[in-house]
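Structural overview for review
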Amino acid sequence: MNCRKAINEISNYLDGDLDAELRETIQVHLDKCHHCHAVFDTTRKTIELYCDGKLFELPTDVRLRLHEALRRKLCSTPR
Amino acid sequence: MSESPEATLPKDESVLVAEAKAGNYAAFDELVNRYEKKIYRLGLHITGNQEDAEDVLQEAFLKAFQHLPDFREDSRFYTWIVRIAVNEGLMKLRKRRSSKEVALDDPEDDEGEVMPREFADWNPNPEQQLARAELESILMKAVAGLPPTFRTVFYLRDVEGLSTEETAEMLNLSVGAVKARLFRARLRLREDLSRIFKRG
Ligand SMILES: [Zn+2]
């Protein structure tokens, strides 16, 4: 296992989408290679940042305009 | 608790959908309340800007209401509205790019190896060291630098938590294509964010 191969599998490794043998080989590499370990770690951190539920709130004015637009359109649509 | 269960328990999604289908606006409004935040966030990640995200939000729910009679109740309403919103988002990008006739995937992005350049650890908890608006702006800028299907795959898989198969089905891509795009999207976002968050 070299760094290039480890990096190429890093995404599948994160997803647990590897057979046991390859998973083990990468684990061994990550334990001794600081570079790849940092890539793995910061990739996971990247995903965590985007998943932070406190970010990207729906602004109140955007929400009000949505409901206003829906009410206008929907209440005038015969069904 | 003294209130009746009807007053406290949120209604089942399928009940709301059935009522909305029958023309009950309040039921539809309840569905909108449940998912508006997520759909706005989806719009932001696919289009990369607030104005388009607002359009995606409005158009997705308007379309959902118009097409409710076609909704098959053996599927989840949420998955259905996500699919509509993804299409609206990608359509926005196509319109924006139509003058240039650019495909949604830039071919050069599918080729070549993605090797990281930044190998540094990050400062711990960058999210606690920046104002929220600043962090949001950094994250959005990185996403906007990705080709549209990369952004969409990243959002659906990593933020929305869809499976590889669901994402492939929704975007008409093969499972292998989803995995390849997700890999590239993750590494490119990581690379961009590393320049800002690296310890140093
Ligand atoms: Zn390595």
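Everything quoted here is computed from the prediction, not taken from an experiment.

Observations regarding the nonpolar core
One finds F28, F61 and F77 of chain B to be the most contacted residues of the largest nonpolar core, which totals 68 residues. The dominant element in this core, judged by the number of residues it contributes, is helix α3 (residues 25–47) of chain B, at 11 residues. In terms of domain composition, this core takes at least three residues from each of domain 1 (1–104) and domain 2 (108–200) of chain B. With residues up to four places along the chain from it excluded, the contact list for F77 of chain B reads E13, V17, F28, L31, Y35, L68 and F71 of chain B. Within the second largest apolar cluster, 14 residues are counted, among which are I10, L18, I26 and L30 of chain A.

Section: the coordination of the zinc ion
Reference values for coordination geometry: four tetrahedral donors around a metal ideally subtend 109.5 degrees, six octahedral donors ideally subtend 90 or 180 degrees. Residue and element names in this part refer to chain A. Within the protein, the atoms that donate to the zinc ion are C3 (SG), H29 (NE2), C33 (SG) and C36 (SG), at distances of 2.1 to 2.3 Å. Coordination geometry of the zinc ion: the four donor atoms subtend angles of 102 to 113° at the metal centre, consistent with an arrangement described as tetrahedral. Each donor residue of the zinc ion lies on the same chain, and together they follow the pattern C-x25-H-x3-C-x2-C. Separated by 26 residues along the polypeptide, C3 in helix α1 (residues 3–8) and H29 in helix α3 (residues 20–32) bring together distant segments of the chain. Here C3 falls in the partly exposed class, since its relative accessible area comes to 33%. Among the residues examined, H29 registers a relative accessible area of 6% and is labelled buried.

Examining the packing of aromatic side chains
Applying the stated criterion across every chain, the model contains nine aromatic pairs over all chains. Relative to F40 of chain A, the ring of Y13 of chain A lies with its centre 5.2 Å away and its plane at 70°, an arrangement referred to as edge-to-face. Residue Y13 of chain A is located in helix α2 (residues 10–14), and its partner F40 of chain A is located in helix α4 (residues 34–51); the two are separated by 27 residues in the primary sequence. We note that Y13 of chain A, like F40 of chain A, is buried. Three or more aromatic residues joined by ring pairs make a cluster, and in this case those are Y35, F71, F77, Y78 and W80 of chain B.

How each quantity is defined
- Residues numbered from 1 in each chain as written.
- Chains lettered and ligands numbered in written order.
- Predicted model: local features only at pLDDT ≥ 70, side-chain atom pairs only at ≥ 80, totals over all residues.
- Heavy atoms only, no water.
- Core = buried A, V, L, I, M, F, W, Y, C linked by side-chain atoms within 4.5 Å.
- Buried < 20%, exposed > 50% of the residue type's maximum accessible area, 1.4 Å probe, protein only.
- Helix = DSSP H or I, 4+ residues; strand = E, 2+ residues; numbered from the N terminus.
- Domains from an automatic or database assignment.
- Contact = heavy atoms within 4.5 Å.
- Donors = N, O, S within 2.8 Å, 3.2 Å for Na, K, Ca; no water.
- Tetrahedral: all angles 85-135°; square planar, octahedral: opposite > 155°, others 65-115°.
- Phe/Tyr/Trp six-rings, centres within 6.5 Å; stacked < 30°, edge-to-face > 60°.

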